[in-house]
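Structural description and commentary
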Amino acid sequence: MSTWLLPENIADVLPSEARKLEELRRRVLDRFRCYGYELVMPPMLEYLESLLTGSGSDLDLRTFKLVDQLSGRSMGLRADITPQVSRIDAHLLNRRGVTRLCYAGSVLQTRPRGMHATREPYQIGAEIYGHAGLEADVEVQQLMLDTLALIGLRDVRLDLCHAGVLGALLADVADAETREYPLFAALAGKDVSVLRDLTADLPEVTRRALLALPTLYGDVSVIDRARAVLPATPAVSKALDELQFLAAQVSGVEVTIDLADLRGYQYHSGVMFAAYVDGVPNAVARGGRYDHIGELYGRARAATGFSLDLREVGRISPIEARSSAILAPWTHDPAVRERVAALRDAGEVVIQALPGHEHTVDEFDFDRVLVERNGAWQVEAR
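Every value quoted in this text rests on a predicted model; they were computed, and no experiment measured them. (Residues numbered from 1 in each chain as written. Predicted model: local features only at pLDDT ≥ 70, side-chain atom pairs only at ≥ 80, totals over all residues. Heavy atoms only, no water.)

Counting secondary structure elements, the protein contains 14 helices and 16 strands. Projected onto the principal axes, the alpha-carbon positions of the protein cover approximately 90 × 55 × 50 Å. Scored against the burial criterion, the 382 residues of the protein give a buried share of 46%. Here the protein has roughly 19400 Å² of accessible surface; of this, 53% comes from carbon and sulfur atoms. Here the protein contributes 42 positively and 54 negatively charged side chains, and the mean placements of these two sets differ by 1 Å. (Helix = DSSP H or I, 4+ residues; strand = E, 2+ residues; numbered from the N terminus. Buried < 20%, exposed > 50% of the residue type's maximum accessible area, 1.4 Å probe, protein only. Areas by Shrake-Rupley, 256 points an atom, 1.4 Å probe, with all protein chains shown as cover. Lys, Arg positive; Asp, Glu negative; His and termini not counted. Charge placed at Lys NZ, Arg CZ, Asp CG, Glu CD.)

This is the structure in structure tokens:
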């Protein structure tokens, strides 16, 4: 085997892609800052019990594990940054009131999300803590749509779901905890035949409601259909009311309701949302409410947020990173050095051609050149 061969679904990021990803990263983090979100940088490696707190078995299976040579304890390489940020809010910052945090960094996953997906996504996201009202969900939802527009994605569709619906339907089922995972897996895949088998021994009202969930997909009128076919319990009604409210807050974007889209159900506790664009089978961004995780870190905190894989959206973003540059001669002339330094201080990309490499091809577009005119060095179109 060649010594330079990388593991499956792991790849180097070459200059042109890296330049684009860095441009998008800066744009997104600047937008987060405009909303008041503070940047945090959690570690890549943590003790396993902290890293997986409240995240469910799905994240456990996707986490690389190793033994710490110093303590002998099990450690994990993060597969998701969101639980880490919850730990920071609940255990380290320990603030009263609302806290807005954002992050950007690589995560490692044991298996890729899709056939051509990487096992090293670059996750970027924003979370808001300390407010249980729907106003926080509206803000995060709008920030996600704002971010996707900033990245250059058009014709975005916002898909809404609610983790509380399944929880409400299973509230009176004795072994609900053992049934939840296979049920939400079948619902997420809209596998009705498996769903029939899993619900065969449930009360008829509950069974009919669960079998109806995969059909409750479409525009906002789905909410009215759901009210007609699902049990009119306070919990179900509350979940549908919240979906109706959030759908009404969106303008300029198509909104759909999918009461079976329960990806991430294990750590979400309320409204869940995902963004889709034409030509891409999977969601380009996901988010939702997850109020219970902070409690597992020792401090109950309402929480909602979203994240996306910057490498994935970067591939479909029409935005190109700036590649224009000024070509300057290599010389010991102090006047040239001063002029080059001044241009770089002004934010220009200035590349000095090393001797013998004046015509070397690289990825920059030298649309301007630094030349001497009447004893002064000036920039001219090339």
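Moving on to the sheet that holds strand S16 (residues 376-381). The sheet built from four strands is open, its strands ordered S14-S13-S15-S16 with mixed pairing. Among the strands making up the open sheet, the edge pair consists of strand S14 (350-353) and S16. Strand-to-strand, the axes of this sheet are offset by a mean angle of 35 degrees, without reference to chain direction. Relative to strand S15 (residues 365-373), strand S13 (residues 324-329) is paired through four bridges, and the arrangement is parallel. Paired with Ser324 across the bridge in S15 is Asp365. (Pairing = 2+ DSSP bridges. Axes fitted to C-alpha atoms, helices over the stretch in contact; angles between N-to-C directions.)

Time to look at the pairing of strand S3 (residues 64-67). The side chains of a regular strand alternate, residue by residue, between the two faces of the sheet. Looking at chain direction, S3 and strand S4 (residues 74-77) are connected through four bridges and run antiparallel. Each residue of the ladder has a partner; that of Phe64, found in S4, is Leu77. The hairpin turn running from S3 into S4, its antiparallel successor, is six residues long, and Gly72 in that turn takes a positive phi close to 80 degrees.

A complete count under the given rule lists two aromatic pairs for this structure. Ring centres 6.0 Å apart and planes at 85 degrees place the aromatic pair Phe32 and Phe306 in the edge-to-face group. One end of the pair, Phe32, is in helix H1 (residues 15-34); the other, Phe306, is in strand S12 (residues 303-309), with 274 residues separating them in the sequence. Centroid distance Tyr129 to Tyr290: 6.4 Å. Interplanar angle 90 degrees. Geometry classified as edge-to-face. Placement of the pair is Tyr129 in strand S6 (residues 122-129) and Tyr290 in the loop between strand S11 (285-289) and helix H12 (293-296), with a sequence separation of 161 residues. With respect to class, Tyr129 is no different from Tyr290; both count as buried. Looking at Arg19, its charged tip hangs above the ring of Phe364, at a distance of 5.5 Å from the centre. The ring of Tyr47 carries Arg73 above its face, with NZ or CZ at 3.6 Å from the centroid. (Phe/Tyr/Trp six-rings, centres within 6.5 Å; stacked < 30°, edge-to-face > 60°. Lys NZ or Arg CZ within 6 Å of the ring centre and 35° of its normal.)

Another point: unusual backbone geometry. Of note, Asp155 is a non-glycine position whose phi angle comes to about 55 degrees, a positive value. Examined against the element boundaries, Asp155 turns out to sit in the loop between helix H5 (134-151) and strand S7 (157-162). Positive phi outside glycine occurs at Lys190, with the angle close to 50 degrees. Along the chain, the position of Lys190 falls in the loop between helix H7 (176-188) and helix H8 (192-198).

The antiparallel open sheet is built from three strands, whose spatial order is S2-S4-S3. In this open sheet, the two edge strands, each paired with only one partner strand, are strand S2 (45-47) and S3. On average, each strand axis in the sheet is tilted by 35 degrees relative to the strand beside it, whichever way the strands run. Sheet topology places S2 next to S4; three bridges connect them, and they run antiparallel. Its bridge partner lying in S4, Glu46 is registered against Gly76.

On the surface, a cluster of nonpolar side chains totalling about 200 Å² of accessible area is made up of Met44, Leu45 and Leu66. Within the element layout of this structure, Leu45 appears in strand S2. Overall, Leu45 belongs to the partly exposed group, its relative accessible area being 32%. (Patch = residues over 30% accessible without salt bridge, like charges linked within 9 Å, V, L, I, M, F, W, Y side chains within 5 Å. Salt bridge = Lys/Arg side-chain N within 4 Å of Asp/Glu carboxyl O.)

All right, on to the pairing of S15 then. Two strands pair when backbone bridges link them, and S15 and S16 are joined in this way by six bridges, in the antiparallel orientation. Paired with Glu372 across the two strands is Trp377, which belongs to S16. Counting the residues between successive antiparallel strands, the hairpin from S15 to S16 contains two residues, one of them, Asn374, with a positive phi of roughly 55 degrees.

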